Amino acid sequence: NGGVLAASQVYDNGANVGIGTTSPYGKFHVSGGGITIETGNSLSFYYSIGSQLIASIQSDLSVGALTFNTNGVERMRMVSGRIGIGTSTPESTSLLDLTSTSAGFLPPRMTLSQRTAISSPATGLMVYQTDNTVGVYVYDGSTWRRLNWT
């Protein structure tokens with residue numbers, strides 16, 4: 001019916017519940033810290049409008065997987081330190097597996113001055129340069145090299 005429920009900063013305004021806030025802006029609002037939920041082997045968060053599922057995040061601790069879904073379709077899966085986008089089974093030798101039959105990989109795009117302004121680039125860093133000598137550049141540990149397809 002509204003009011004403070006306990007001295008632990010749990011607040012119920014009759015419509016929303018807040019922890020660490022007296023003005024919750026959602027059905028359940030936590031302010032000032034994280035949330036820990038222990039549930040066995042799985043945990044799911046769902047966002048729906050009426051009966052339509054819009055998005056979800058689901059974990060399956062029995063296989064070490066975390067999935068991200070929108071409109072009922074799995075969009076990304078993290079499993080055993082690997083990320084799969086467009087696949088529910090990322091390749092075992094890959095950290096990032098992008099799978100698609102209708103879209104490609106787009107590296108970061110930047111100008112020459114933006115590329116050379118990157119402080120201490122990691123070996124293997126890849127960018128697409130949009131001016132001067134346009135192309136894909138990879139940092140080899142000491143210099144930027146343009147990939148040449150000849």
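Residues numbered from 1 in each chain as written. Predicted model: local features only at pLDDT ≥ 70, side-chain atom pairs only at ≥ 80, totals over all residues. Heavy atoms only, no water.

(A) Region of the structure containing the overall build of the chain. Within the chain, the secondary structure is distributed over one helix and 14 strands. Here the C-alpha atoms of the chain give a radius of gyration of 23 Å, more than 25% beyond the 15 Å that 2.2 N^0.38 yields for 150 residues. Over its C-alpha atoms, taken along the principal directions, the chain stretches across nearly 70 × 35 × 30 Å. Looking at the 150 residues of the chain, the share that counts as buried comes to 21%. For the chain, restricting intrachain contacts to residue pairs at least 6 apart in sequence, the fraction spanning at least 24 positions comes to 1%. Total accessible area computed for the chain in this model is approximately 10600 Å², and 54% of it derives from carbon and sulfur atoms. For the chain, the distance from the average site of its 8 positive side-chain charges to the average site of its 8 negative ones is 10 Å. (Helix = DSSP H or I, 4+ residues; strand = E, 2+ residues; numbered from the N terminus. Rg over C-alpha atoms; globule rule 2.2 N^0.38 Å. Buried < 20%, exposed > 50% of the residue type's maximum accessible area, 1.4 Å probe, protein only. Contact = heavy atoms within 4.5 Å. Areas by Shrake-Rupley, 256 points an atom, 1.4 Å probe, with all protein chains shown as cover. Lys, Arg positive; Asp, Glu negative; His and termini not counted. Charge placed at Lys NZ, Arg CZ, Asp CG, Glu CD.)

(B) Here's a closer look at the sheet that holds strand E9 (residues 82-85). On the basis of which strands lie adjacent, the open sheet formed by six strands has the order E5-E6-E7-E8-E9-E10 and mixed pairing. In this open sheet, the two edge strands, each paired with only one partner strand, are strand E5 (42-49) and strand E10 (96-98). Pairwise comparison of adjacent strand axes, ignoring direction, gives a mean angle of 10° for this sheet. Here three bridges tie E9 to E10, and the two strands are oriented parallel to one another. From the neighbouring strand, Gly 84 faces E10, where its bridge partner is Asp 97. (Pairing = 2+ DSSP bridges. Axes fitted to C-alpha atoms, helices over the stretch in contact; angles between N-to-C directions.)

(C) Molecular detail of the sheet that holds strand E12 (residues 126-129). Strand order in the open sheet made by the four strands is E11-E12-E13-E14, with mixed pairing throughout. Bordering the open sheet on either side are strand E11 (109-110) and strand E14 (144-146), each of which pairs with just one other strand. Both E12 and strand E13 (residues 135-139) contribute to a ladder of four bridges, which runs antiparallel. Paired with Tyr 128 across the two strands is Val 136, which belongs to E13.

(D) Structural view of the pairing of E5. Both E5 and strand E6 (residues 52-60) contribute to a ladder of eight bridges, which runs antiparallel. If you follow Tyr 46 over to E6, its bridge partner there is Ser 56. The hairpin formed by E5 and E6 contains two residues between the paired strands, and Gly 50 there has a positive phi angle of roughly 65°.

(E) Molecular detail of the pattern of salt bridges. Counted according to the given criterion, the structure contains two salt bridges. A salt bridge links Arg 145 to Asp 140, with the shortest nitrogen-to-oxygen separation between them at 2.7 Å. (Salt bridge = Lys/Arg side-chain N within 4 Å of Asp/Glu carboxyl O.)

(F) The packing of aromatic side chains, seen in detail. For the structure on display, the rule yields one aromatic pair. Taking NZ or CZ as reference, Arg 115 lies 4.3 Å from the ring centre of Tyr 137, over its face. (Phe/Tyr/Trp six-rings, centres within 6.5 Å; stacked < 30°, edge-to-face > 60°. Lys NZ or Arg CZ within 6 Å of the ring centre and 35° of its normal.)

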